[in-house]
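# Observations on chain architecture
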Amino acid sequence: APTSKTSDFDELEEVQRGEILHAERLFDEAKKVFRKVLRRNPGNDVAKKFLDDIQRQEIQDLLGGEAPRKRLGALDTSEDDNPAKVVEKLEKELRINLDRADIKPVPDLFDNVEAFGRYREKILETSLSLPARDRIDIGVAHLEMGMFDIAQSIFEGVVRYDEYKLSGMYLLGVALIYGGKAIEATIRLEPLCRDLTLGEGPKTDYMYLMGLAFERLNDLKKAREFYRRVAMLNPRYRDVPDKLK
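Residues numbered from 1 in each chain as written. Predicted model: local features only at pLDDT ≥ 70, side-chain atom pairs only at ≥ 80, totals over all residues. Heavy atoms only, no water.

### A look at the overall build of the protein
Within the protein, the regular secondary structure consists of 12 helices and 0 strands. Long-range contacts, defined here as pairs at least 24 residues apart, represent 59% of the contacts in the protein between residues at least 6 apart. Of the roughly 13,200 Å² of accessible surface on the protein, a fraction of 50% belongs to carbon and sulfur atoms. (Helix = DSSP H or I, 4+ residues; strand = E, 2+ residues; numbered from the N terminus. Contact = heavy atoms within 4.5 Å. Areas by Shrake-Rupley, 256 points an atom, 1.4 Å probe, with all protein chains shown as cover.)

### Concerning the nonpolar core
When a protein is soluble and globular, its nonpolar side chains tend to lie buried together. Leu-189, Tyr-206 and Tyr-208 are the most contacted members of the largest nonpolar core, which totals 41 residues. Those elements that place two or more of their residues in this core are helix 6 (132–144), helix 7 (148–158), helix 8 (165–178), helix 9 (182–194), helix 10 (200–216) and helix 11 (220–233). Ranked by residue count, the leading element in this core is helix 8, at 10 residues. (Core = buried A, V, L, I, M, F, W, Y, C linked by side-chain atoms within 4.5 Å. Buried < 20%, exposed > 50% of the residue type's maximum accessible area, 1.4 Å probe, protein only.)

### Focus: helix 8
One turn of an α-helix holds 3.6 residues; hence residues three or four places apart share an orientation. Over its 14 residues, helix 8 runs 20 Å from end to end, which matches the ideal 20 Å to within 8%, given 1.5 Å per residue. Most of helix 8 is tucked away: 13 of the 14 residues are buried. Positive phi appears at Gly-180, one or two residues downstream of helix 8, with a value of about 80 degrees. (Expected span 1.5 Å × (residues − 1).)

### Describing the pattern of salt bridges
The full count for this structure, using the stated rule, is 9 salt bridges. Salt-bridge contacts for Glu-225 lead to Arg-228; the nearest nitrogen and oxygen are separated by 3.9 Å. Remark: Arg-228 and Glu-225 occur in helix 11; sequence separation between them is 3 residues, near one turn of the helix. Linked through salt bridges whose partners overlap, the residues forming this network are Lys-31, Arg-35 and Glu-144. (Salt bridge = Lys/Arg side-chain N within 4 Å of Asp/Glu carboxyl O.)

### Comments concerning the side chain of Ser-127
Assignment of secondary structure puts Ser-127 in helix 5 (residues 113–127). For Ser-127, a relative accessible area of 3% gives the class buried. Aside from chain neighbours lying at most four places away, what touches Ser-127 is Arg-135 and Ile-154.

### Looking at the confidence of the model for the protein
The share of residues in the protein with pLDDT of 70 or more is 76%, and the mean pLDDT across the chain is 79. The weakest mean pLDDT in the protein belongs to helix 4 (residues 83–94) at 55; the strongest belongs to helix 11 at 93. Note on residues 1–7: pLDDT under 50 across the span, and 6 contacts to partners over four residues away in sequence or across chains. Under a pLDDT of 50 for its full length, residues 99–104 has, in the predicted model, 15 contacts with residues more than four places off or in other chains. (pLDDT = per-residue confidence, 0-100.)

### Looking at the packing of helix 10 against helix 11
Relative to each other, helix 10 and helix 11 sit at 160 degrees, their axes nearing to 8 Å. Overall, the two elements helix 10 and helix 11 adopt an arrangement that is roughly antiparallel. With respect to the hand of their crossing, helix 10 and helix 11 are arranged in left-handed fashion. Taken together, the residues of helix 11 that come into contact with helix 10 (itself represented by Glu-200, Thr-204, Met-207, Tyr-208, Met-210, Gly-211, Leu-212, Phe-214 and Glu-215) are Leu-220, Lys-222, Ala-223, Phe-226, Tyr-227, Arg-229, Val-230 and Leu-233. Across the contact of helix 10 with helix 11, the residue classes break down as 11 nonpolar, 2 polar and 4 charged. (Axes fitted to C-alpha atoms, helices over the stretch in contact; angles between N-to-C directions. Parallel < 35°, antiparallel > 145°, perpendicular 65-115°, else oblique. Left-handed = near helix turned anticlockwise from the far one by under 90°. Nonpolar A, V, L, I, M, F, W, Y, C, P; charged D, E, K, R; others polar.)

### A look at the packing of aromatic side chains
A full pass over the atoms with the stated rule returns 4 aromatic pairs. On the numbers, 5.1 Å between centres and 10 degrees between planes, the contact of Phe-34 with Phe-50 is stacked. Of the two residues, Phe-34 sits in helix 2 (residues 27–40) while Phe-50 sits in helix 3 (residues 45–63), which places them 16 residues apart along the sequence. Ring pairing ties together the aromatic residues Tyr-208, Tyr-227 and Tyr-237, which thus form one cluster. Note that Arg-238 overlies the ring of Tyr-208, its terminal NZ or CZ placed 5.7 Å from the centroid. (Phe/Tyr/Trp six-rings, centres within 6.5 Å; stacked < 30°, edge-to-face > 60°. Lys NZ or Arg CZ within 6 Å of the ring centre and 35° of its normal.)

Here it is as C-alpha cells:
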C-alpha cells in the first residue's frame, strides 16, 4: 500500500514526472511512477498507455539483442542463494508481488501465435549463451509480463547450476503456479520440502509455494496444512497469518 498521504499526491504532477523519465528511457523509474498513479486511479489511461509502451520497448530491446538493463531486476545472488532474499529483491527492484492472484499475460504484444512462437524461440536461443544470473534477469522480466511458459523454460535451465539451484527452483515454482501448472509445481517442490539437508529458510519458502499451489488447486485442506507448517517455522512469514484466517 502507498505510504504517502492521499492529500500529498498530485496525480497530474506524477504523470508528468513519469513522462519525463520515459523520455529519458529511465524505464525502471518510469514504471514505478506510473504504477503508483494506477494504484491511486486505476482508470488513468495515460499511465496505462505509457506502461504498455515501456513493455513493448523492453520486448524490442530483447529482440534486438541489447544487453539486459537494470530494469530487468538484476539479482545479486552471490551473497547467499536464498529464495527469500531473491523474492525480496524482486519485489523491491521490480515492484511486483509474487503472491498476487491477478498476474496476467500482457495483451496484444504479438499479432498472432506464429509471431509469439518466433519470439519465444529467439529468446530461449539467446538466453542459452548468457550466464545463469543474466538468464534469471530475463526469466523474471517474462514472469512479470505474464509470459509464464517462457519464464518456466528459462528457469528450467537455471536450476541446473548448483549456485542458483535454490533461487531458480523458487522462481520456477512461481512460474508453474501462475502458469496454470500447479500440480506440476507440487511434484517439483515436494522433494525439497522433505529434504533434511535444506536450511529452515529455504524450506519455509518452498512450503509456502506448496500452500499456494494447493490453494490454486482449490484443495484448501492441504493448503492450510502447508501454511500451518510455515507458520510454525515463522509465524510472521509474508501473508501466512491472513491466509490461515
